[in-house]
Structures are given as C-alpha cells and as structure tokens.
Amino acid sequence: VDQAIAARRRIAIISTMLKSAKLVAIRRRGRQVLLVRRRKDKRWMFPGGRRKRGYRETAKACLRREIKEELPALKIGRFRRWESLGGRNRYSRKKMSDAVFIASAKGKLRIGAPREIDKAAWRSPWLGKLTPTSRHIRDKLASAGHIKKR
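Only a predicted model underlies this, so the values are computations on that prediction, with no experimental measurement involved.

**Q** Hey, could you run me through the overall build of the protein in this one?
**A** Regarding its fold elements, the protein presents three helices and eight strands. N-terminal to C-terminal, the α/β element order of the protein is α-β-β-β-β-β-α-β-β-β-α. Looking at the protein residue by residue over its 150 residues, the buried ones come to 42%. Carbon and sulfur atoms make up 48% of the accessible area of the protein, which amounts to about 9500 Å² in all.

See below:
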C-alpha cells in the first residue's frame, strides 16, 4: 500500500514538472499517425504544446487545451499516458520534458491556430521532415510496436 501511494506521488510530481504534452493518434494498423505542420519551419510534429506558466495545469489538461486550440473540430477518445520523456533528445541533444499520450481521434482536421500550424494530416511518420522531438517519439513508438517500422 505504501509503495502504491509513493508511486502515485512520484507520478504527480513528474506530471507537474513536465513542460509539454503530445498526442499520438494512430490509424491504419500503425501505418499512419496524426501530425501537424509548423508554419515557421514546415516541419511535421505530433499535436500538443507547452504548459502555461503560472497555471497549475496537469499534462492531460495541457493536452486537452492545446488540441482545442490547434484542431478544434477533432474529437479525441479516452487517452492514456504512454510515456514521460526526459533526458536529452538524441537528435537535437536538447533537454526533453514531455508527456506523451495515446488516444483515438476522429473528425475534421480544421486548423484552429493558423499562426502556429498550417496543415494537419494523417500520414506516415516516416515521410517528410519531423521535429527532433517527434522523431524521437516516432522511434520509441516503432520500437514498442505501436506503429509500423518503415
């Protein structure tokens, strides 16, 4: 019982320390994922974003808010935390602090934040330029068997 309480406390502490949250929605038996394209550099990434400073926002609440802002017509099913990424990104060497959630998603991919993203699509995670964080997430998903390897 004490171990379970300690584990929940560790999860709560990690959840408040994480800086951002990402959504992984998979379809076509792991051959396609939902990606959005950043306007500034035309790189594809998993939808999501940073927690607001000064708010006591959980990673899950952050993800809900970011999805409503970026893709307001998208309907997300129940989502579960898949992994918390910390340490250094092997592609960019920058520190990561992301909560990654897996969920089902359906609906129109209408852009709600046109200054940030210019496109949303269901696509292969192996095609096009991904952000370093999204490449890292893609590789972990593939090694865990959630998406098809090339």
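**Q** Is there a simple way to think about the sheet that holds strand E6 (residues 74–88) in this case?
**A** In a beta sheet, neighbouring strands pair by backbone hydrogen bonds and run either parallel or antiparallel. Strands sit in the order E5-E1-E7-E6 across an open sheet of four strands; the sheet is mixed. Only two strands of the sheet have a single neighbouring strand rather than two, namely strand E5 (48–50) and E6. Here the strands of the sheet are splayed against their neighbours by 20° on average, with no regard to which way each runs. The pairing of E6 with strand E7 (residues 95–107) spans twelve bridges and is classified as antiparallel.

**Q** Hey, could you run me through helix H3 (residues 132–143) in this one?
**A** Residues spaced three or four apart along an α-helix point in a common direction, a consequence of the helix completing one turn every 3.6 residues. Between its first and last C-alpha atoms H3 spans 17 Å; for twelve residues at 1.5 Å apiece the expected length is 16 Å, and the two agree. For H3, the set of buried residues is Ser134, His136, Ile137, Arg138, Asp139, Leu141 and Ala142. Where H3 is buried, its residues touch strand E1 (20–24), strand E4 (44–45), E6 and E7. In the segment just after H3, Gly145 is the residue with positive phi, at about 85°.

**Q** Whenever I open this one, unusual backbone geometry confuses me. Can you help?
**A** Negative phi is the rule for most residues except glycine; trans is the rule for most peptide bonds. The phi torsion at Arg28 lies on the positive side, around 55°, for a residue other than glycine. With respect to the helices, strands and loops of the structure, Arg28 is situated in the loop between strand E2 (26–27) and strand E3 (32–38). Under the relative-accessibility criterion, Arg28 is labelled exposed at 52%. Not every positive phi belongs to a glycine, and Lys42 is a case in point at roughly 60°. Among the structural elements, Lys42 can be located in the loop between E3 and E4.

Conventions used here
Residues numbered from 1 in each chain as written. Predicted model: local features only at pLDDT ≥ 70, side-chain atom pairs only at ≥ 80, totals over all residues. Heavy atoms only, no water. Helix = DSSP H or I, 4+ residues; strand = E, 2+ residues; numbered from the N terminus. Buried < 20%, exposed > 50% of the residue type's maximum accessible area, 1.4 Å probe, protein only. Areas by Shrake-Rupley, 256 points an atom, 1.4 Å probe, with all protein chains shown as cover. Pairing = 2+ DSSP bridges. Axes fitted to C-alpha atoms, helices over the stretch in contact; angles between N-to-C directions. Expected span 1.5 Å × (residues − 1). Contact = heavy atoms within 4.5 Å.

Any functional reading would require information beyond the geometric quantities listed.
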